[in-house]
Amino acid sequence: QGQLEQFGGGSVQAGRSLTLACSHDSVIGDTGCVAWFRQAPGMEREEVAKIAGDGVATYADAVKGRFTISKVAARGTMFLDMNNLQSEDTAMYYCAADPYCSGGFPFWGQGSQVTISS
């Protein structure tokens with residue numbers, strides 16, 4: 001697997017916002033698929049948000065209306081804006097990219113811890 005450079009994360013109180021970012025010039029472009037995943041302790045990794053090859057964004061029900069995934073192809077960067085964060089959002093977050101939308105994600109970020117206190 002290849003490596004994306006991941007930024008952001010931290011600890012905030014419930015109701016606040018955080019933004020995560022990932023970059024890789026030759027992987028995150030106009031086409032291709034990108035996604036954000038998260039894994040809480042003792043839980044399986046889950047897909048939080050995804051932009052498909054046609055540019056359509058989809059979200060897990062738990063974050064719909066609060067999280068926004070986006071990318072700036074010219075900068076090879078993707079983002080996850082997280083608003084109204086809740087304690088159940090506490091997890092390690094990972095970005096992922098597949099320049100060919102082949103069904104898997106060969107490129108991953110190193111992970112960012114997000115901790116929400118009530």
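Draft legend 1. Molecular detail of the pattern of salt bridges. Taken as a whole, this structure holds four salt bridges when the rule is applied. Close ionic contact of Arg38 with Glu46 constitutes a salt bridge, the shortest N to O distance being 2.6 Å. The partner of Asp89 in a salt bridge is Arg38, with the nearest N and O atoms 2.9 Å apart. A residue pair is termed long-range when its members are at least 10 positions apart, and Asp89 in the loop between β8 (77-82) and β9 (91-98) and Arg38 in strand β4 (residues 33-39) qualify at 51 residues. For the pair Asp89 and Arg38, one class covers both residues: buried. Overlapping salt bridges bring together Arg38, Glu46, Arg66 and Asp89 as one network.

Here is what the cut-offs are and how they apply
- Residues numbered from 1 in each chain as written.
- Predicted model: local features only at pLDDT ≥ 70, side-chain atom pairs only at ≥ 80, totals over all residues.
- Heavy atoms only, no water.
- Salt bridge = Lys/Arg side-chain N within 4 Å of Asp/Glu carboxyl O.
- Helix = DSSP H or I, 4+ residues; strand = E, 2+ residues; numbered from the N terminus.
- Buried < 20%, exposed > 50% of the residue type's maximum accessible area, 1.4 Å probe, protein only.

In short, shape yes, function no, at least from these values alone.
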